[in-house]
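So you can see what is in the structure, the chains are spelled out below.
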Amino acid sequence: MTGAHRRTNESRAVICFTLNGRAVEAEPRAGMSLLDLLREGFGLTSVKDGCAPEGSCGACTVLLDGRPVVSCAQPVERVDERSVVTLEGLSPEIREGWARAFVTAGGAQCGFCTPGVVMKAEGLLARSPDPDRAQVVRALTGNLCRCTGYAKIVDAVRLAAAERRGNDMPAPGVEGGVGTSAPRYRGREIVLGEQLFVNDMRTPGMLWGAVRLSDHPRARVLRIDVSAARALPGVVTACTARDVPGERRQGLIFADWRQMVAEGEITAYVGDVLAVIAAETRQQAREAAAAIAVDYEVLAPVTDPLEALLPEAPRVHADRDNLLSVSRVRRGDVAAALDSAAHVVRETFNTQRIEHAFLEPEAALAVPESAGMHVYSQGQGAWEDRRQIAGYLRLPPDRVRVTQVAAGGAFGGKEDLSLQGHAALLALQTGRPVLLALSRAESIRFHPKRHPMTLEYEVGADPDGHLLAVRARITGDGGAYASLSDKVLERTAGHACGPYRVPNVDVEARAVYTNNPPSGAMRGFGVPQANFAIESILDVLSERVGVDGWEIRWRNALESGDTFGTGQILGPGVGLRKTLLAVRDVYRSARYAGIACAVKNVGLGNGITEYGRALLRPEPDGRLTLFHSWTEMGQGVHTIFRQIVCQELGIPPERVTVTVDTMRELDTGETTASRATMLGGRAVLDAARKLKAALDGRPPETLAGQEFYGEFVVDWTTPNDSPNPVTHLAFGWGSEVVILDDAGRLARVVVAQDVGRIMNPILLAGQIEGGVHMGLGYALSEELRVDHGVPVSLALKDQGLMRAPAMPPVDVIFVEETQPEGPYGAKGVGEAAAVPTAAAAAAALHAYDGIRRTRLPMRDSPAALGLLPGRRTEAG
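Residues numbered from 1 in each chain as written. Predicted model: local features only at pLDDT ≥ 70, side-chain atom pairs only at ≥ 80, totals over all residues. Heavy atoms only, no water.

(A) Structural context of the layout of surface pockets. Space inside the largest pocket adds up to approximately 620 Å³. Lining the largest pocket are 29 residues, with Thr351, Gln352, Pro452, Glu783 and Arg855 sitting closest to its centre. Elements with a contribution of two residues or more to the lining of the largest pocket: α9 (305–308), β15 (343–351), β20 (453–461), β21 (467–479) and β30 (786–787). Class assignment of the residues belonging to the lining of the largest pocket gives a composition of nine nonpolar, nine polar and 11 charged. (1 Å grid on protein atoms, 1.4 Å probe; cavity = no way out; pocket = protein on both sides within 12 Å on 5 of 7 lines; lining within 4 Å. Points joined across faces, edges and corners; volume = space filled by probe spheres on them. Helix = DSSP H or I, 4+ residues; strand = E, 2+ residues; numbered from the N terminus. Nonpolar A, V, L, I, M, F, W, Y, C, P; charged D, E, K, R; others polar.)

(B) Local environment of the packing of helix α2 (residues 92–105) against helix α3 (residues 114–127). Packing of α2 against α3 leaves a shortest axis separation of 12 Å and a crossing angle of 115°. Here α3 runs roughly perpendicular to α2, going by the angle between their axes. Every pair of crossing elements has a handedness; the one defined by α2 and α3 is right-handed. Here α2 contributes Ile94, Trp98 and Phe102 to the contact with α3, which in turn contributes Thr114, Val117, Val118, Ala121, Glu122 and Leu125. By residue class, the composition of the contact of α2 with α3 is seven nonpolar, one polar and one charged. (Axes fitted to C-alpha atoms, helices over the stretch in contact; angles between N-to-C directions. Parallel < 35°, antiparallel > 145°, perpendicular 65-115°, else oblique. Left-handed = near helix turned anticlockwise from the far one by under 90°. Contact = heavy atoms within 4.5 Å.)

(C) Looking closely at the pairing of strand β29 (residues 746–754). The element β29 is extensively covered by neighbouring structure, given that seven of its nine residues are classed as buried. As judged from the eight bridges shared by strand β28 (residues 730–740) and β29, these two strands associate in the antiparallel manner. Pairing of serine 735 across the sheet is with alanine 752, part of β29. Linkage of β28 to β29, two consecutive antiparallel strands, is achieved through a turn of five residues, within which glycine 744 is found at a positive phi near 80°. (Buried < 20%, exposed > 50% of the residue type's maximum accessible area, 1.4 Å probe, protein only. Pairing = 2+ DSSP bridges.)

(D) Geometry of the sheet that holds strand β24 (residues 610–618). Taken together, the four strands give an open sheet; going across it, the order is β26-β25-β24-β27, and neighbouring strands pair in mixed fashion. The open sheet is flanked by β26 (656–659) and β27 (708–714), the only strands paired with a single partner. Averaged over neighbouring strand pairs, the angle between their axes works out to 20° when direction is ignored. Direction of pairing for strand β25 (residues 624–627) relative to β26: parallel, over a ladder of four bridges. Bridging from a neighbouring strand, threonine 625 pairs with threonine 657 of β26. Helix-sheet contacts for helix α19 (residues 676–695) involve β24, β25 and β27, and the interaxial angle to β27 is about 145°.

(E) Layout of the side chain of glutamine 635. Position of glutamine 635 relative to the elements: it lies in the loop between β25 and α18 (637–649). The residues contacting glutamine 635, other than those within four sequence positions of it, are Arg184, Thr671, Leu763 and Gln767.

(F) Summary view of unusual backbone geometry. The residue after alanine 52, namely proline 53, is reached through a cis peptide bond having omega 5°. Tracing the backbone through its elements, the reader meets proline 53 in the loop between α1 (34–41) and β4 (61–64). Along the chain, leucine 856 connects to proline 857 via a cis peptide bond; the corresponding omega equals -5°. Relative to the helices and strands, proline 857 is located in the loop between α21 (837–849) and α22 (862–865). One non-glycine residue, aspartate 65, lies in positive phi territory at about 55°.

(G) Spotlight on helix α5 (residues 151–164). If you check α5, its first and last C-alpha atoms are 20 Å apart, about what 14 residues at 1.5 Å a residue would give, namely 20 Å. Residues Lys152, Ile153, Val154, Ala156, Val157, Ala160, Ala161 and Ala162 constitute the buried set of α5. Turning to α5, the residues buried within the fold contact α2, α3, α4 (133–139) and α20 (761–780). Where α5 ends, the next residue or the one after it, glycine 166, has phi of about 100°, a positive value. (Expected span 1.5 Å × (residues − 1).)

(H) Local environment of empty space enclosed by the protein. Overall, the coordinates contain 11 cavities of 30 Å³ or more when judged by the stated rule. For the largest cavity, the calculated volume is near 600 Å³. Lining the largest cavity are 36 residues; nearest its centre among them are Gln635, Ser674, Gln767, Gly830 and Glu831. Mapped onto the lining of the largest cavity, the elements with two or more residues apiece are α18, α19 and α20. Ranked by residues supplied to the lining of the largest cavity, first place goes to α20 with three residues. Considered class by class, the residues forming the lining of the largest cavity number 16 nonpolar, 14 polar and six charged.

(I) How the structure looks around the pattern of salt bridges. Inspection of every chain in the model, using the stated rule, returns 70 salt bridges. With a closest N to O distance of 2.8 Å, aspartate 225 and arginine 223 form a salt bridge. With a relative accessible area of 24%, aspartate 225 lands in the partly exposed category. Several salt bridges share partner residues, and in doing so they unite Arg328, Arg330, Arg346, Glu458, Arg471, Arg473, Asp506 and Glu508 into one network. (Salt bridge = Lys/Arg side-chain N within 4 Å of Asp/Glu carboxyl O.)

(J) Highlighting α19. The terminal C-alpha atoms of α19, which comprises 20 residues, lie 27 Å apart, in line with the 28 Å expected from a rise of 1.5 Å per residue. Directly beyond the C-terminal end of α19, a positive phi value near 50° is found at aspartate 696.

(K) Spotlight on the pairing of β20. Counted residue by residue, β20 has seven buried out of nine residues, so it is predominantly covered. By the bridge criterion, nine bridges tie β15 to β20 in an arrangement that is antiparallel. Across the sheet, residue arginine 346 finds its bridge partner in β20, namely glutamate 458. For β20 and β21, the ladder comprises nine bridges, and the chain directions are antiparallel. Residue pairing for β21: glycine 460 is matched across the bridge by alanine 469. The hairpin formed by β20 and β21 contains five residues between the paired strands, and glycine 465 there has a positive phi angle of roughly 90°.

(L) Summary view of the sheet that holds β20. Here we have five strands laid out as an open sheet, ordered β14-β22-β21-β20-β15, and mixed in their pairing. Lying at the two open borders of the sheet, with one neighbouring strand each, are β14 (323–331) and β15. For this sheet, the mean inter-axis angle between neighbouring strands, taken without regard to orientation, is 5°. Along the sheet face, helix α14 (residues 485–494) touches β14, β20, β21 and β22 (504–513) and points at about 20° away from the line of β14.

(M) Focus on the environment of glutamate 648. Along the chain, the position of glutamate 648 falls in helix α18. Since its relative accessible area comes to 10%, glutamate 648 is described here as buried. Each C-alpha atom, one on glutamate 648 and one on valine 772, is 33 Å from the other, the two residues being 124 residues apart in sequence. Setting aside residues no more than four positions away along its own chain, glutamate 648 makes contact with Leu685, Ala688, Arg689, Lys692 and Tyr824.

(N) Structural view of the state of the cysteines. Tallying each qualifying case throughout the model produces zero disulfides. Here cysteine 597 stays free of any disulfide, with the sulfur of cysteine 497 as its closest cysteine sulfur at 15 Å. On the accessibility criterion, cysteine 597 (0% relative accessible area) is buried. (Disulfide = S-S within 2.5 Å.)

(O) Highlighting the environment of methionine 119. Here methionine 119 shows up in helix α3. Not counting chain neighbours up to four residues away, the residues in contact with methionine 119 comprise Thr61, Leu63, Pro68, Val85, Thr86, Leu87 and Leu90.

(P) Expanded view of the packing of helix α15 (residues 527–545) against α21. It is at 8 Å that the axes of α15 and α21 come closest, and there the two elements cross at 35°. Viewed along their axes, α15 and α21 form a crossing whose handedness is right-handed. Contacts between α15 and α21 pair Asn531, Phe532, Glu535, Asp539 and Glu543 from the former with Ala838, Ala839, Ala842, Ala843 and His846 from the latter. Per-class residue counts for the contact of α15 with α21 are five nonpolar, two polar and three charged.

(Q) Structural view of the packing of aromatic side chains. All chains considered together, the criterion is met by 12 aromatic pairs. Note on phenylalanine 112 and phenylalanine 197: the rings are 5.2 Å apart at their centroids and 70° apart in plane angle, and the pair reads as edge-to-face. Of this pair, phenylalanine 112 sits in the loop between α2 and α3 while phenylalanine 197 sits in the loop between α6 (187–191) and β7 (207–213), and the two are 85 residues apart along the sequence. Given the relative accessible area of 5%, phenylalanine 112 is considered buried. Look at phenylalanine 197 and you get buried, because its relative accessible area is 2%. Ring centres of phenylalanine 349 and tyrosine 457 lie 6.5 Å apart, and the angle between their planes is 85°; this geometry places the pair in the edge-to-face category. (Phe/Tyr/Trp six-rings, centres within 6.5 Å; stacked < 30°, edge-to-face > 60°.)

Structural measurements only, silent on function.
Structure follows, in structure tokens:
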């Protein structure tokens, strides 16, 4: 492409264009995208790199001559003599309007996708100042959001449009107390792209890192030659396993995950790191990583978990069997109960491996300091990160500081140590800060997925459909490393009976090592798989008994005082029957509808002592700093904790600042198991009440610098196999109805969720809508296909994620069944909404076409065929 103002400078072309209203020049390198130029050349961080160079997520959307385009797919030469506008370049009035609209509507959660959504919507409003919902939905087809379920994004766009036409925007919540739709913490910055994610951070003298991953799932590494990489321009260091000063094997439960594989060792999966590079630019680091030569002895991978258990199967790890763990739940006499049952259902279910698809790929920034190492992490547990980084570098933990940076989505996929150790190693070797970030393709290869499972069930019931016995044998593919497979399968076993009374139980759940990508935590943590099985069996029983899906669940639904599947006697806080009543009429009035119920534990439980810990510190200017330990990843934990402080102390939300950093000893483990609101909320409540008592009516600044510590301890849970067990602190309960239209496609979803106490209605609804979105994708379209240990596609667009036009309306009904252990009676709900959706969708499909589906995803169904406009194949 040539232009009147275009010239060359030595071998590089100089392009001239208008950027945010200002004439600029640039000398891009060969192959540079517009996204790279905007971020690297002009420091504009509202454009996010979520999938470059795919152009499929929309997070990097800008206006090119007024038209929305994805900048990662635009060769930079295309902008010569043209106009580019990013979110930073919109007028202050327009920017503030977008911020007001998204904060008011609850349209931003993690916020990684939001700036791109705003720019797509800005292009829409230029064409259609008064768009209806359908127009907004169509316009957002190219923009992915993994958090919200899209509904509140559409609300936000229409609010902004209405305000531009002269209408008043509803005032966002300002009081900030419990029970109000208080604005999301730092909501304005999130919407406008001013909240920095790790990959947006820059520091003087910073180097860029890159990784060299394994080419084979199972191969002996004969030689790793970094000499060619070291010789390339800009390269400062290249590290292999021999450069690691501490323990290469790390892990949350089992220390088996090799952070780098050494020469002579056998790789475990295609995400194994063989070497890492630090260079002056990201491009130089990536070119150097690609130049690393590796010689292998390629070996046949072990990819079937059942075959992996055979005596002749090669071991994935030389020092341990392929059977990673076995979890059991046994009560009563199952054989006798099945023999006497009027109805016995036997069925095998298969669920798939799926990608978390958080929009922000993994990144870490490590900064050497005189006292040790300072790491900025997007992980789900700053103190767990610190422990493992310290072991990896052979440093005392107190010489490693981890600052928690808001994560652009996680859903369990950022619990394991990812790049933090590699970045820290490079910083240690070079004495300079190092930023290391994965591409989307590398991310898909690298991090753990949802467990694929085979679930063999045998369930007996009496003539009226009351459950008598459940026998289940469950096998989960744990993949290459342990991650959290032990606990995930433990949770599957514990929830194998669902939210129902079952007097006789015999469940065994096994996690197995293979050379497939690792499996680990994902929203629901092993419960969606078991739920799909037990709920589907209840639908079969309802037919045999002659009642509908609602009635069979009502007859078996757990109440306070009943015995949970693990043997735990349930205390207060069981709102399952209330949720069933809330959806009864809509289920029975729909022609094609499916219903399913859900239970999901709150807290790790199973004998682990858990803590909530927090500190409140008054500042001289009258503000309060809240220190806590939980990761903000879009679920709103910062907002909820701030609301508790405001409720107790009667101060406005803008006077509370939130920090998560290991410089305060507040270790509570990972942000997982829907436990942040309960454990962290109780600790914040304790700290706030201590500060309130000390103030005795005086303003906070009178106690400036003093710190008030709050704590909540749960030390009364027991393992599954304990006598008189108390396996969990609490549970979330819900009922869900999926409704299809006359063509068998998604028409509506109705969710009734027991939330204990409504802390923030807009945030709660957004969490539930997002959970349904993820659940529908799991049910109908999502799958990470793996062939002989190798993902078939590393493209985000091929993972079957539901886009805005495919998402049906979701009606959310809150049920408040007080949980005494929770703050103000609240309980965690982040996972429960994603648990029952697949089963409800399967039941709705059976109502439509009479087919019982036992395998996920249900891509053969009419509901799945309608998910993506214009495509009627299994491609999802």
